[in-house]
Amino acid sequence: MEKKKENHLILYYKSRLLDLMNLEAASSLDDWVAVVADVLSADHIVYYKPDSENTKFYKICSFYNPFRHDVELVVPSGKIKALKTASQVVTNGKLKKDPYLKQFNIAFFIPEKNMEDGCLLLSIPNELFGELSDADLQAFVRESRNFLQLKYELSVVEADRKRYIELFQVTGKFHSSMDTDTILAEIIYTLKRLYPVFDYTLMLSDDYHHNLDLPIKSLQYDAVDEMALESYVNGQVHLATVWRTNETMLYAPLRGKQGVYGVLQVITFTNYEFNRSDLEFISLLANTAGSALENAKLYQQSMQSIEELRLINSVSRQLNKSANLKETVDFLMKQISSSFDTQAIGFVMMENGKMDLLEGSSPIFEEKEGARYLEFANRSFAEKKESLFISNLNRRFPGRNYRFSSLMAVPIIQEDDLKGFCLVLHEAPYHFSFDRFKLFQSLIYQSGMALTNSMLRERLEKMVITDHLTQLFAKNYLNSRMETSIGEDEQGTLILLDIDDFKKVNDTYGHQTGDEILIQVAKLIKENIRSTDIGARWGGEEMAIYLPGVPLQTGVQVAKRVLAAVEKNTNPPVTISCGVSYWNKEMNETAESLFNRADAGLYHAKSLGKNQVVISDMEMKAN
C-alpha cells in the first residue's frame, strides 16, 4: 500500500511536469517551483544556482510567504557545497547545523548538463518523510533534472526559432533596400530586440557619410584594437575579454562575396558567456548584412557610374560644340563646381614654361595664398606628370598651415608635354572621395584636348588678325571692326598716327632700332586705350586707334595722351603726328571715308610741323 502511494506521488509529479512542457503556456522556473511546492506540500521552497565564478549561490526562484519566512537572496558557495554528499538528497540533520539553512528540512542537488548543480531547498511536512523512500527521492531528482534539461533544450530551440524568424525578416528587408543606412540600422535594431542589454558598434571600412544617429565609426588602422583588425583581415568571428573594463567583446566581420566591408562589435559583461546559438546567429546576421551592403554598394556604384558616364557624355557634347576658350572654361567650371562640391577651381595653361591662369578661375588663385597651391602642383607635375590626390595637406606637410586641406589636381598632357592642369580645393580634410577623384581625372582628360584646341585656335586667330612685330591688330581686322561699329554703335572716333622722321631713325640707328621704336610706340598705344578699343598697325610706321562709341572730344584727348607718352617714353626719343576723324548716326559714313578724313588730318599735322594732333576739316566745321 505504501509503495503505491510513493509511486502515485512520483507519477503525479511527472504528470504535472508534462503539463508545464506545453510550449504555448511558456512556463517559467517559478511555475516549476510552484508545482514542486504543491506536490510535496512544501511550506516554503527556494531554488539556488551558482554564479559563473562559483563563489556564491543566488536565489533563482522561490515559493514562500515573506511574512512568515526570511529567505536569503545570496548564500556563500561553501555553505551549499558543505551539504553535498555522495547522495543528491540531503535531509534535516545537516541543514539544522547551518543558520542560513536551518528553516529547511530537505535539499535536492539537481545536476544540469554542462552546468553547476542547482540546489532546491524545501520545508515539507514531517509526515511526508515517512511516505518517501530513498528511491522516490532519487526519482524526484531524476525527473526534476530531466524536466529542467528538456525545458532548457526547448528554450534553446524556441530562442533559435525566434532568432531565425528575425533573421528571415531582416534578410527580406536587407534585400529589398539598396540604401546602406537602412541596412546598417536594421542590423542594430535586430540585435537590440534580441539582446537588449548588449552594446553595439559598426566599424566600417568605406568612406561614405552615414547616419550619425547610428553607432558607427571608421575602421581606421590607427583607431581600432587588434582583434577588430584581425576579424576584418581574416573574415572570422573573434572573442576577447578585457578584464580591466570587465567586458567581453565579440567581433563579427560584415563579409560579402567580394570582400569584408566592416566589423560588428558586440560588448557585454565578462560573466556573460556567448553560447553556440549566439555566435551562430550573430555571425549569420553579420554575413547577411555584409552581402546586403555589398549589393547596395555595387548598386550605388553602378548608379554612380551611370551618372558619371552621363556627365562625361554631356561634357563631350558641349566641348564639341564650343570653340571659344572662355566658353569652354566657363562650362567646365560650372560642371566641376556642381559635381565635386569644390570651394576653389583653377585652370592653368602653360606657355613657354610659365603658368597662365585662365579667366574664370577662382579669385583665390590670383592672390599670394592661392598661388602657393598652383606652384605646388606645377612643381609636382614638372617632376612627375601624375595626378595629385591629397586628403589632408596639413597632415602631409606639417607646419605649412594650408587653409585648404583637400586637393585634387590633374595635368593636361599632350605628346608627353605638360600643356596645363586643373586644380580644385576644399577646406575640409578628406572632403573628396577616391571615386570622385577618378571621375575628376576622367573629366579633365576628356577636356584637355578641347582646352588645348580652343587655345590653339585662339592663337591662330590672333596670328591672323595681329601684326607680328607690334602685336597690334592688323589693318584688315581694324577695317572689319570699324564697319561693324558703324552699323551698330551711335558714334565713334578714329585716330591715325605716324612716327615723325622714321626714315631718319632707320638711317641713323639701323632697321633693328627702327623695329624697336615701332614696338615701343605700339606698347604705349595699348597702355593708353581701353580693352574695348582697337589699336592697329596700318602699314610701315603708320598706326591707328579706333574708339567705338567715343565722342570726338574724348578721342582728341586720347590722341594727345598717346602723343605725350610717345615723346616722353621712347628711346631713342621720337614723336608722332595724329589725324582725327569722327562719325555719328546722322552722318552717311563708311570705314573708308572715315580713314580718308583721318589721313587728311594727319597730312595737315605733318605740314604744320609734326608732333601734334589735327582734327579733319569736316569735324572742325561740325564742331
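Look up a bit, the structure's there.
Conventions and cut-offs
Residues numbered from 1 in each chain as written. Predicted model: local features only at pLDDT ≥ 70, side-chain atom pairs only at ≥ 80, totals over all residues. Heavy atoms only, no water. Salt bridge = Lys/Arg side-chain N within 4 Å of Asp/Glu carboxyl O. Helix = DSSP H or I, 4+ residues; strand = E, 2+ residues; numbered from the N terminus. Buried < 20%, exposed > 50% of the residue type's maximum accessible area, 1.4 Å probe, protein only. Pairing = 2+ DSSP bridges. Phe/Tyr/Trp six-rings, centres within 6.5 Å; stacked < 30°, edge-to-face > 60°.

As a further point, take the pattern of salt bridges. If you walk through the whole model with that rule in mind, you get 13 salt bridges. As a salt-bridge pair, Glu-427 and Arg-403 come within 3.0 Å of each other at their nearest N and O atoms. Remark: Arg-403 occurs in the loop between α12 (393-396) and β15 (406-414) and Glu-427 occurs in the loop between β16 (417-426) and α13 (434-465); sequence separation between them is 24 residues. When the shortest N-O distance is used, the salt bridge between Arg-530 and Asp-533 registers 2.6 Å. According to the relative accessible area criterion, Arg-530 is partly exposed, its value standing at 43%. When its relative accessible area of 7% is taken as the criterion, Asp-533 is described as buried. Via salt bridges that share partners, Glu-369, Arg-403 and Glu-427 belong to a single interconnected network.

The next thing to look at is the pairing of strand β19 (residues 542-548). The element β19 is extensively covered by neighbouring structure, given that seven of its seven residues are classed as buried. By the alternation rule, side chains of β19 split into Glu-542, Ala-544, Tyr-546 and Pro-548 and Met-543, Ile-545 and Leu-547, which are all buried. As paired strands, strand β17 (residues 491-499) and β19 are joined by seven bridges and run antiparallel to one another. Within β19, the position partnered with Leu-494 by the bridge is Tyr-546. Bridging between strand β18 (residues 534-539) and β19 involves five bridges; their strand directions are antiparallel. Bridging across to β19, Ile-534 finds its partner in Tyr-546. Where β18 folds back onto β19 in an antiparallel hairpin, the turn is made up of two residues, including Gly-540, whose phi is positive at roughly 60°.

Throughout the structure, instances matching the rule amount to 17 aromatic pairs. On the basis of an interplanar angle of 65° and a centroid distance of 6.5 Å, the ring pair of Phe-397 and Tyr-402 is categorised as edge-to-face. Here Tyr-402 falls in the buried class, since its relative accessible area comes to 8%. Note on Phe-434 and Phe-437: the rings are 5.8 Å apart at their centroids and 45° apart in plane angle, and the pair reads as tilted. Separated by three residues within a single helix, Phe-434 and Phe-437 lie in helix α13, roughly one turn from each other. A connected cluster of aromatic rings, assembled from ring pairs, spans Tyr-373, Phe-376, Phe-397, Tyr-402 and Phe-404.

Within strand β1 (residues 44-50), seven of the seven residues are buried, leaving the element largely enclosed by the surrounding structure. Residues His-44, Val-46, Tyr-48 and Pro-50 point to one face of β1 and Ile-45, Tyr-47 and Lys-49 to the other, with burial holding for every one of them. The pairing of β1 with strand β6 (residues 118-123) spans five bridges and is classified as antiparallel. In the strand pairing of β6, Tyr-47 is matched with Leu-120. One ladder, built from six bridges, connects β1 with strand β2 (residues 56-63); its direction is antiparallel. Paired with Tyr-47 across the two strands is Cys-61, which belongs to β2.

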